[in-house]
Amino acid sequence: MYQLRRLLSASPVSTRLPLLRTTAISARMTTSAAPSTRKATPKPSPVYAKTELDVWTLMNQVSASVGAVNLGQGYMSFPPKDFIKRAAQEALNENTHNQYAPPRGRPGLLEQLGSRFTDRFGRSIDPSKEVSVHAGANEALLSVFTAFLEHGKDQEVILMEPAFDQYTPNVIMAGGKPVYVPLRVMSDKDPRESVISSDDWKLDLAEFEAAITDKTRIVVLNTPHNPVGKVFSREELAQIGAIAEKHNLLIVADEVYEHLTYGVEHVSIATLPGMWERTVTVGSAGKLFGVTGWRVGWAVGPEEFISATLSAHTRIVFTSNTPLQEGVASAFRQSPEHDFFEVQRKEYEARRNRLMGVFDDIGLPYVVPKGAYYLLVNAAKLKIPDDFEFPDFIIERGENFKLVYFFIKYFGVSGIPPTEFYSAPHKELANDYVRFAFCKTDEGLEEAAVCLQKIKKYLEETSG
């Protein structure tokens, strides 16, 4: 009030009068208002009002705070191949590549995708009708869900857990209801004591079918799988497909790691008899070429499906960025002369083997991934000291977050808590695991190996 009086006294009469009128009007409004002096303010949707900090940002921040080796988030710590970078640079230099792209995608990229999937699927793919380009695979997934789900009808989408953490919010945003069916470890070995295969993580078909109701519309199938590394076999895909056909479900096949398999064949479910007619396949240039920041993905399927998906896409982002679409198209054209995908697969397999060797030496078991670039390590044998202190923001996220936090703080290596890939009723299935990404430089993996040697001494001390 004192400052207001000073302001008024220092102002000329001509400028004070409007202020006095405003003050008087405000006073009258206050007097006539409801007894509460607190003004109402707009409120965001409860779906987003209390959203927790995403696991990637949270663990990256904790990792950075202690200078840990980051094997958490699945981004590459090495640069793309030179021909891929040049493809983007050359695209930027072309003036016409700096304006809007058609919503479906640039003709050059559509042509490359049509050719690629014609070869992969063994059928002629019309890129002008059966392909759409998106702002990353995640937006492609959101567009498919938006195209096939109706708000207010509680239509259900089956997610196989562990499920990539973007699936659930995408389904909810599109008006759907997630229904979770976990993969189960079916092995004669105890995963807390012995190395097991990603093949040992299986879908219980009876449990899967029991989760289907008259409201179920979609099943999401991720192969190769993040974070398990499972590559579904042709037999498994046929069994899933038969159930989907029986209940007239759409299959959304998330195949962003299609090019990274180790000793097994990646089979697209859309290639199985009768499955093209009920499948949308989603892919990613970010994973394919090691350029996750380019945010270019695609969807492939029957014309009716892609037309609806494209309609949703145009309402969500309208179009994907032009120069990097051209960069991806050029990278596709040049990849055969560099034998790119086979060279890349061998490089990743070597990284996988290197990281597995580290944990073999330490004595912690893991899941041998047949695909993708993640290693699930079972740390049940690791005992956290009773006097180790955790901050509240970790405690409130559960035991698995505490385990990963301990890895970061004590050993200097970050991972991701795989409970983030589970719904609340099933989180306990992942409490003993830490997910590490091996899409990192040799130097980074070597530094991690040195840091992780501390576990060996610690296990020796706690075991006796």
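Bear in mind that the values here come from a model prediction, so they are computed numbers and not experimental data.

Caption draft 1: Fine view of the packing of helix α5 (residues 82-93) against helix α13 (residues 322-334). Taken N-terminus to C-terminus, the directions of α5 and α13 make an angle of 140°; their axes are 8 Å apart at the nearest point. By the angle between their axes, α5 is oblique relative to α13. For the crossing formed where α5 meets α13, the hand is right-handed. Two secondary-structure elements touch here, α5 through Phe-83, Ile-84, Ala-87, Ala-88, Ala-91 and Leu-92 and α13 through Pro-323, Leu-324, Glu-326, Gly-327, Ser-330, Ala-331 and Gln-334. Among the residues forming the contact of α5 with α13, the class breakdown is nine nonpolar, three polar and one charged.

Caption draft 2: The UniProt feature "domain: Aminotransferase class I/classII large" (unreviewed entry) in the chain, seen in detail. Residues given the UniProt feature "domain: Aminotransferase class I/classII large" (unreviewed entry) here are residues 69-449. Here residues 69-449 runs as 38% helix and 17% strand, with 10 Å between its end C-alpha atoms.

Caption draft 3: Spotlight on the pairing of strand β14 (residues 433-437). Along β14, five of the five residues are buried, which leaves the element largely enclosed by surrounding structure. Neither face of β14 is exposed, since Tyr-433, Arg-435 and Ala-437 on one face and Val-434 and Phe-436 on the opposite face are all buried. Two strands pair when backbone bridges link them, and strand β12 (residues 374-378) and β14 are joined in this way by five bridges, in the antiparallel orientation. Residue pairing for β14: Val-377 is matched across the bridge by Val-434.

Caption draft 4: Seen up close, the sheet that holds β12. The four strands lie next to each other as β5-β11-β12-β14, forming an open sheet whose pairing is mixed. Only two strands of the sheet have a single partner each, and these edge strands are β5 (196-197) and β14. With two bridges connecting them, strand β11 (residues 366-368) and β12 associate as antiparallel partners. When the bridges of β12 are listed, Val-367 appears paired with Leu-376.

Caption draft 5: Examining the packing of helix α7 (residues 137-148) against helix α12 (residues 303-316) more closely. In contact at an axis separation of 8 Å, α7 and α12 are set at 110° when each is read in the N-to-C sense. Of the possible angle classes, the one that applies to α7 and α12 is roughly perpendicular. Crossing angle aside, the handedness with which α7 passes α12 is right-handed. Facing Glu-139, Leu-142, Ser-143, Val-144, Thr-146, Ala-147 and Phe-148 of α7, the residues of α12 in contact are Phe-305, Ala-308, Thr-309, Ala-312, His-313 and Ile-316. Within the contact of α7 with α12, the residues separate by chemical class into eight nonpolar, four polar and one charged.

Caption draft 6: Spotlight on the packing of aromatic side chains. On inspection of all chains with the given rule, the structure shows 28 aromatic pairs. Taking 5.2 Å as the distance between ring centres and 65° as the angle between the ring planes, the aromatic pair formed by Phe-117 and Phe-121 counts as edge-to-face. Residue Phe-117 and its partner Phe-121 are located together in helix α6 (residues 107-121), separated by four residues, close to a single helical turn. For Phe-117, a relative accessible area of 1% puts it in the buried group.

Caption draft 7: Spotlight on the sheet that holds strand β10 (residues 297-300). Taken in spatial order, the eight strands make up an open sheet running β2-β10-β9-β8-β7-β3-β4-β6, and their pairing is mixed. The two strands at the open ends of the sheet, each matched to only one other strand, are β2 (131-134) and β6 (201-203). Each strand of the sheet is rotated relative to its neighbour by a mean of 25°, with strand direction disregarded. Across four bridges, strand β3 (residues 156-161) lies against strand β7 (residues 216-222) in parallel orientation. Paired with Leu-159 across the bridge in β7 is Val-220.

Parameters and conventions
- Numbers given to residues run from 1 along each chain, matching the order in which its sequence is written.
- Local features in this predicted model are restricted to residues whose pLDDT is 70 or higher, and side-chain atom pairs enter the listing and the counts only when it is 80 or higher, whereas totals over whole chains, interfaces and linings include all residues.
- Water and hydrogen atoms were dropped before computing side-chain values, which therefore reflect all heavy atoms in the structure.
- Axis definition: a line fitted to C-alpha atoms, over the contacting stretch in the case of helices. Angles run 0 to 180 degrees between N-to-C directions.
- A run of H or I in DSSP becomes a helix once it reaches four residues, and a run of E becomes a strand once it reaches two; helices and strands are each numbered from the N terminus.
- Roughly parallel refers to an angle under 35 degrees, roughly antiparallel to one over 145, roughly perpendicular to one between 65 and 115, and oblique to any angle outside these ranges.
- When the near helix sits turned anticlockwise from the far one by under a right angle, the crossing is termed left-handed; a clockwise turn instead gives a right-handed crossing.
- Any two residues whose heavy atoms approach within 4.5 Å at even a single point are treated as in contact.
- All amino acids are sorted into three groups, where Ala, Val, Leu, Ile, Met, Phe, Trp, Tyr, Cys and Pro are nonpolar, Asp, Glu, Lys and Arg are charged, and the leftover types, Gly among them, are polar.
- UniProt positions are given in the numbering used here, feature names are shortened, and annotations may be inferred rather than shown by experiment.
- Summary of the burial criterion: residues with accessible area below 20% of their type's maximum are buried, those above 50% are exposed, and those between are partly exposed, where the area comes from a 1.4 Å probe applied to protein chains only.
- Paired strands, in this sense, are two strands between which DSSP finds at least two bridges.
- By convention, a stacked pair of Phe, Tyr or Trp rings (six-membered ring in the case of Trp) has centres within 6.5 Å and planes under 30 degrees apart, an edge-to-face pair has planes over 60 apart, and any other such pair is tilted.

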